[in-house]
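The residues making up each chain are set out below.
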Amino acid sequence: MEAKRQSREGSMKKRALITGASRGIGEAVARRLASEDYDLCLVCKNSIEKLWLLAGELKAESGISCETYACDVSDPQQVTSMLQQAGTIDVLIHNAGISHIGLLSDMTLEEWNRVIDTNLNSCFYLSHGLIPQMVHRKEGKLLFVSSVWGNVGASMEVAYSASKGGINSFTRALAKELAPSGITVNSVSPGIIDTRMNAAFDKAELAEETPLERLGTPEEVAETVLFLAENKYITGQDISVSGGIVV
Ligand code: NAP
């Protein structure tokens, strides 16, 4: 495992691994953590060129180290190999996720499994791979990007809602299990955020569904992720960044 570097203030630098960092919320989290001097490992599945550009930009702007990995988080073997290369990780931000819009009765088993593997089973693969090193150091943070729909349920998004509800239970249970080892586990649940995931929907209609009458920005979610990444006494919690959509 690589030696840790010193931060601008002289303390040991923290290394964060961010999945789904090629755009949207994950990209905003990468930019926010880079501005706080975190060294980064950025992960996506297909858009590796975008990650290279982002990493180059963050290294030049913030002087951080920034590695990039093409890894399908729904594939346990790819996750194991990526984590072996990444080495020491202080903070996991597992943000990669996919949605599937349509009636459950029209959904194929393959489509169902793709959503559950990508959104929920990946939490197991990543956590399982990282917990031993965190337990060994007696510190670490696991952060999952869930969704308000995991609590309230969304029509036409049953698999997605089930996967995110699973993340919330996973978070609460794992937090209890890992607390004696000094590891915190939390999730952030965005409401409706202005990213490519919502590109197919009418923005004005989405805004109407939100008490604050607008979509959230990826930067607003990233601010909450940073708060949890820095906090030492919150664990087993889910924080909604939802413009007032009640869970
Ligand atoms: P997005 O713009 O569609 O970005 C998704 C990211 O996940 C991309 O970087 C994508 O990488 C990556 N990804 C997808 N499948 C992957 C896989 N199998 N392996 C590795 N990376 C994969 O989505 P977003 O809106 O930023 O959403 C980020 C997270 O927030 C998701 O978990 C989503 O469920 C959650 N969320 C979003 C909203 C919202 O309104 N936008 C609301 C609630 C929760 P590639 O570029 O390689 O495809």
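Everything in this summary refers to the structure shown in the same document. Not measured: the values here are computed from a predicted model.

Let's talk about the site of the ligand
- The environment of the ligand is formed by 31 residues, the closest being S22, N46, S47, Y160 and T195.
- At 2.4 Å, a side-chain N or O of S47 approaches an oxygen atom of the ligand.
- Between the ligand and Y160 there is a distance of 2.6 Å, counted from an oxygen atom to a side-chain nitrogen or oxygen.
- For the shell around the ligand, the residue count by class is 13 nonpolar, 13 polar and five charged.

Observations concerning the pairing of strand β1 (residues 15–19)
- Of all five residues that make up β1, five are buried, and the element is covered over most of its length.
- Burial along β1 is two-sided: R15, L17 and T19 facing one way and A16 and I18 facing the other are all buried.
- The pairing of β1 with strand β2 (residues 39–44) spans five bridges and is classified as parallel. Looking at β2, one finds that L17 is bridged to C41.
- Traced from β1 through helix α1 (residues 24–35) to β2, the parallel crossover comes out right-handed.

Structural notes on the packing of helix α3 (residues 76–86) against helix α4 (residues 109–137)
- Contact geometry of α3 with α4 gives a least axis separation of 9 Å together with a crossing angle of 35 degrees. Like other packed secondary-structure pairs, α3 and α4 cross with a definite hand, here right-handed. Between α3 and α4, the contacting residues are P76, V79, M82 and L83 on the first element and Y125, L126, G129 and L130 on the second.

About the thresholds
Residues numbered from 1 in each chain as written. Predicted model: local features only at pLDDT ≥ 70, side-chain atom pairs only at ≥ 80, totals over all residues. Heavy atoms only, no water. Near = heavy atom within 4 Å. Polar contact = N/O pair within 3.5 Å; in protein donor to acceptor, adjacent residues only side chain to side chain. Nonpolar A, V, L, I, M, F, W, Y, C, P; charged D, E, K, R; others polar. Buried < 20%, exposed > 50% of the residue type's maximum accessible area, 1.4 Å probe, protein only. Helix = DSSP H or I, 4+ residues; strand = E, 2+ residues; numbered from the N terminus. Pairing = 2+ DSSP bridges. Right-handed = clockwise from strand over helix to strand, strands pointing away. Axes fitted to C-alpha atoms, helices over the stretch in contact; angles between N-to-C directions. Left-handed = near helix turned anticlockwise from the far one by under 90°. Contact = heavy atoms within 4.5 Å.

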